[in-house]
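# Coordinate inspection notes
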Amino acid sequence: MITAGLGAVGTLLLPGLPAFAAGDEFDQLRARFTALPSFTATDAPFADRLSALGTDASAIRTAMAPTASSLWPDLPIGSVSGRVTSSYRRVLQLLDAYRYPATGLTGDAGLAADIVTALDWLAAHAYTPTGSNYDNWWDWQIGTPQLSMTITAAMFDKLTPAQVSAYTAAVDHYVPDSKVASYTGSSTGANRVDYCLVYAMRGIVGKNAAKLALARDALSPVFPFVVSGEGLYRDGSFIQHDSIPYIGHYGLILLDGVATLLTLLKGTTWTVTDPQVQNVFTAVDAAVSPFVHNGLTMDAVSGRFIASGSPGDPRNTDDHTRGRDAVSTVLDLAACADTASAARWRARAKGWLQRDTYSPPLADPALSLPRLATYAAVLADSTLTAAPEPVEHRIQGGADRSVHRRPGFALALAMSSQRVAFYEGNINSVGENQRGWHTGSGMTYWWPSTGNGGQYTDQFWPTVNPYRLPGTTVSTKALADGAGGGLPAQRPGNTWAGGATDGEFAVVGQDTRGVQSTLAARKSWFCLADGVVCLGAGITATDGVPVETVVDNRNLGATGTPALTVDGTAQPNTLGWSQDFADAGWANIAGQAGYVLLQNTTLKALREQRTGKWSDLSKRGPTTPQTRRYLTLWIDHGTDPTGGGYAYLLLPGATATATASRAANPGITVIANTASVQAVTDTATGVTAANFWTAGTAGPITVSAPCSVLVRESGGRLTIAVADSARDAATITVTVARKGYTTASGGPGISVLGLDPVTVIAEVGGTLGGSRTITFGTGSTVTPVRSALLPATADSFVRDGSSAGTNYGNDTQLVVKNSTTGYSRRSLLSFSLSGVTATPRRAVLWVNGRTDDSAGTQTTLTARAVTAAWSETGVTWNNQPALGSALADAPVGATAEWIPLDVTSHVAARYGATGPLTVALTQTDSGPLVNLASRTGTAGDRPILEVLY
């Protein structure tokens with residue numbers, strides 16, 4: 001990702017770019033690509049920035065001393081690929097000083113000559129058409145070619161055709177068309193978009209139509225939503241590097257790169273026309289915005305970049321710098337969005353910029369001039385009213401992340417599971433984020449609504465105790481640097497990570513596992529109006545070391561001395577002080593938060609000063625020691641606990657007086673806190689919520705299978721939100737001991753079975769942990785339905801080619817694939833409707849499976865009507881029944897899930913007919929093989945026909 005100068009992500013999409021005109025499309029594209037932002041050079045903050053740019057460029061120019069081995073003495077070429085990219089980055093700085101006004105070097109002919117000299121030297125000695133890769137592939141295939149083509153485009157009129165040809169030949173050598181031949185390896189997600197940017201730049205500079213067409217067409221695999229693995233999910237989750245939640249870095253690169261190409265190519269022969277590009281725009285509201293708070297992008301979705309280098313290093317950025325990336329991404333997408341979305345997003349961006357008082361964006365010396373101009377224009381736009389922080393809860397099931405936004409605070413939860421790694425670290429030759437082991441063990445980030453935006457910015461990662469991250473339950477077993485990291489990073493064995501939300505409040509849970517540890521724990525968070533109830537149960541380990549739950553660990557800065565009050569008594573503020581508080585009732589850190597203990601426990605406290613270095617976390621990090629103060633509150637579960645637990649209420653921003661008041665009358669009742677169920681009720685909000693780790697009852701709620709349930713009763717309304725956080729069920733029945741409701745309104749996939757007591761059936765399969773929600777006391781009059789969950793009475797798959805006469809009716813799997821002769825398969829399933837006693841109102845075919853093919857991980861399964869008879873033990877490809885109309889499509893990914901197919905029309909048409917009902921499963925387009933459990937397969941995964949009547 002280029003972060004400064006021409007070609008920077010976010011540079012091209014400023015208002016006022018030249019309109020595309022008739023004539024040579026390549027020349028017009030180059031003019032569009034190299035256009036400078038509009039601003040008044042004598043105004044603040046531009047005057048000082050331009051002057052500084054000139055000063056820096058002069059120093060770079062003076063230091064340039066071409067030899068056989070280097071362009072600058074401190075950047076020798078030959079072993080470290082980053083030095084090649086850094087050399088081009090310095091040339092870009094020279095170019096900026098040459099092209100921007102009021103730098104003192106603007107239009108300097110001698111500087112132009114030096115820039116060309118530098119380009120020629122690099123093309124001859126560093127980035128050549130015959131060179132070999134060494135060190136990091138990214139420099140050769142993304143970083144350097146983007147910079148090279150950016151500079152070449154801007155200097156085009158001062159270069160000979162031979163020079164342009166030499167520079168583009170190097171790009172063709174290192175980034176051949178084959179890099180995007182398949183959507184695999186490093187050519188996915190943000191990397192794929194970066195490749196497309198390279199092809200587009202190269203096509204513009206070299207006037208090559210085929211490269212521009214490739215840039216456009218190779219974008220298409222990025223657009224579809226995914227249901228497993230890497231990519232963008234419907235719920236806003238974004239995964240890259242196999243299993244890392246990454247909207248805070250790679251996701252922003254992807255989105256901004258797409259926005260750049262959309263705007264650059266708009267109105268040309270190469271306009272992006274793929275209709276699925278609209279999925280990218282959904283990411284602003286669902287993926288990016290939930291994790292931006294007062295101008296910072298939360299570390300919970302930024303992978304190894306929380307500690308890959310050091311603040312100020314272009315390879316690593318703090319949360320506020322990544323917040324700038326988010327602001328720019330949103331503004332860039334707004335520039336090519338519909339009018340209503342653009343206005344909403346620009347208002348949101350203005351709010352972020354205004355509220356970032358910890359690190360004011362316009363004062364950021366590393367901010368590129370294009371971004372500076374964009375931000376200044378947004379802030380000065382009197383017609384634009386800044387949008388406030390939202391009040392909402394978001395759960396991203398694909399990323400195991402949750403965000404709670406209230407008027408007084410914002411809070412994020414980072415979890416892990418079979419789908420999402422513990423953390424990302426220790427990749428590349430420089431390590432990076434080598435002590436992020438426990439960041440996926442329920443780490444709880446929170447910020448007050450105003451101020452204190454530096455909690456995780458101010459040297460947090462090199463100085464915090466990595467075994468005592470806020471909110472986590474961990475074994476204190478010593479871990480080696482990088483343990484569990486790598487690529488792909490290790491994932492825990494648990495499936496449960498997620499929860500249920502009504503959009504404002506939530507219950508979230510994690511069946512926690514330890515990194516290279518025997519630790520297991522059931523953790524729940526109940527996100528309410530002014531705080532979060534935190535429960536832990538079933539805490540067990542056999543590592544031979546203590547296990548701890550960290551209530552909080554606040555970064556106090558270099559000199560902070562906020563008072564700690566426990567049960568009304570102020571504690572010493574001496575560094576090194578520690579104390580155990582048996583049966584503590586409450587604690588408060590002045591100016592930070594309150595903590596109410598909801599069960600008898602010993603609260604431990606420590607005030608300490610810690611020193612660390614960024615180089616402890618990344619080999620390329622600075623070695624300068626950093627020192628910060630911390631106040632840590634934790635619960636010691638002892639060595640090798642069996643069935644340990646905890647219960648406390650976190651009150652962000654609460655004073656000591658407010659904390660004491662809540663401790664006296666918490667308004668919270670812990671209904672259950674066991675390894676089977678964790679549940680609370682809150683009188684202030686009317687919320688009763690539970691994580692059922694097994695089927696059972698808690699308070700008024702009874703469930704048929706493990707799930708998360710939130711019930712909110714207030715103002716004559718009853719809202720029920722249900723989610724399959726374990727990702728193991730097709731449907732779940734929930735009963736709430738309430739009655740008297742006659743109307744209801746709900747989203748898809750949840751139906752009313754009864755009103756006394758209130759009983760619903762939620763179709764949770766295929767939601768990827770998403771919530772099904774219904775509200776009683778509003779909407780239409782309720783007519784309860786009956787449900788039937790019917791097992792398959794016969795199933796088989798058939799295969800063409802040499803197997804066209806073979807029957808597979810006894811197989812434990814059903815297989816589907818549309819491919820070349822000999823490899824195509826279809827599956828058939830039959831069900832008896834004899835137990836359905838009224839006309840079906842809804843029918844869903846549930847099958848459980850995943851893709852299992854080296855050709856890809858994502859495909860679409862199609863259900864088709866079948867009316868002819870067939871035999872489970874006799875059907876083959878040759879005698880299979882004819883396929884009828886398509887009934888429904890459903891996505892399939894590489895993780896085994898329940899897959900729902902709406903077959904209502906077919907079931908209703910066949911109701912009352914003689915014989916069984918049959919559905920065929922096919923692929924319309926060619927795709928990877930799908931393996932599904934058959935009726936003789938693993939119990940619990942067998943096909944089901946759900947009929948509501």
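Here, every reference points to the structure presented above.
Residues numbered from 1 in each chain as written. Predicted model: local features only at pLDDT ≥ 70, side-chain atom pairs only at ≥ 80, totals over all residues. Heavy atoms only, no water.

## Here's the deal with the overall build of the protein chain
- Within the protein chain one finds 16 helices and 47 strands.
- Its C-alpha radius of gyration of 30 Å places the protein chain within 12% of the 30 Å reference for a compact globule of 949 residues.
- Seen through its C-alpha atoms, the protein chain measures out along the principal axes to roughly 90 × 80 × 55 Å.
- Buried positions account for 60% of the 949 residues belonging to the protein chain. (Helix = DSSP H or I, 4+ residues; strand = E, 2+ residues; numbered from the N terminus. Rg over C-alpha atoms; globule rule 2.2 N^0.38 Å. Buried < 20%, exposed > 50% of the residue type's maximum accessible area, 1.4 Å probe, protein only.)

## Description of the side chain of R419
- On the secondary structure map, R419 appears in the loop between β8 (409–414) and β9 (443–448).
- A polar contact is formed between the side chain of R419 and the side chain of D400, at a distance of 3.4 Å.
- Apart from residues lying up to four places away in sequence, R419 is in contact with S243, G397, D400, R491, T495, A497 and R727. (Polar contact = N/O pair within 3.5 Å; in protein donor to acceptor, adjacent residues only side chain to side chain. Contact = heavy atoms within 4.5 Å.)

## So, helix α10 (residues 278–288)
- The buried fraction of α10 amounts to eight of the eleven residues, a majority that puts the element mostly inside the structure.
- Turning to α10, its buried residues number three or more, namely N279, V280, F281, A283, V284, A286, A287 and V288.
- The secondary structure elements touched by the buried residues of α10 are β1 (231–232), α9 (250–265), β4 (292–293), α11 (319–334), α12 (339–355) and β6 (392–396).

## With respect to the nonpolar core
- In terms of nonpolar packing, the biggest core is built from 141 residues, with I115 and W461 touching the most fellow members.
- Those residues in contact with W461 that sit more than four places away from it in its chain are D299, I306, A307, T439, M443, Y445, Y456, L469, W614 and L617. (Core = buried A, V, L, I, M, F, W, Y, C linked by side-chain atoms within 4.5 Å.)

## Quick word on the pattern of salt bridges
- Scanning all chains against the criterion turns up 44 salt bridges.
- Note that K207 and D24 form a salt bridge whose closest N and O atoms lie 3.1 Å from each other. Of the two residues, K207 is situated in the loop between α7 (189–206) and α8 (209–217) and D24 in the segment before α1 (25–34); the sequence distance between them amounts to 183 residues.
- Across the salt bridge formed by R842 and D902, the nearest N and O atoms sit 3.3 Å from each other. One end of the pair, R842, is in strand β41 (residues 842–851); the other, D902, is in strand β44 (residues 897–902), with 60 residues separating them in the sequence.
- If you follow the salt bridges from partner to partner, you end up with D24, D27, R30, D157 and K207 in one network. (Salt bridge = Lys/Arg side-chain N within 4 Å of Asp/Glu carboxyl O.)

## What about the packing of α1 against α9?
- Axis separation between α1 and α9 bottoms out at 10 Å; the angle between their running directions is 135°. Between α1 and α9, the crossing angle belongs to the class labelled oblique. Between α1 and α9 lies a crossing of right-handed hand. Along its contact with α1, which presents L29, R32 and F33, the element α9 presents T263, L264 and L265.
- Residue composition of the contact of α1 with α9, grouped by class: four nonpolar, one polar and one charged. (Axes fitted to C-alpha atoms, helices over the stretch in contact; angles between N-to-C directions. Parallel < 35°, antiparallel > 145°, perpendicular 65-115°, else oblique. Left-handed = near helix turned anticlockwise from the far one by under 90°. Nonpolar A, V, L, I, M, F, W, Y, C, P; charged D, E, K, R; others polar.)

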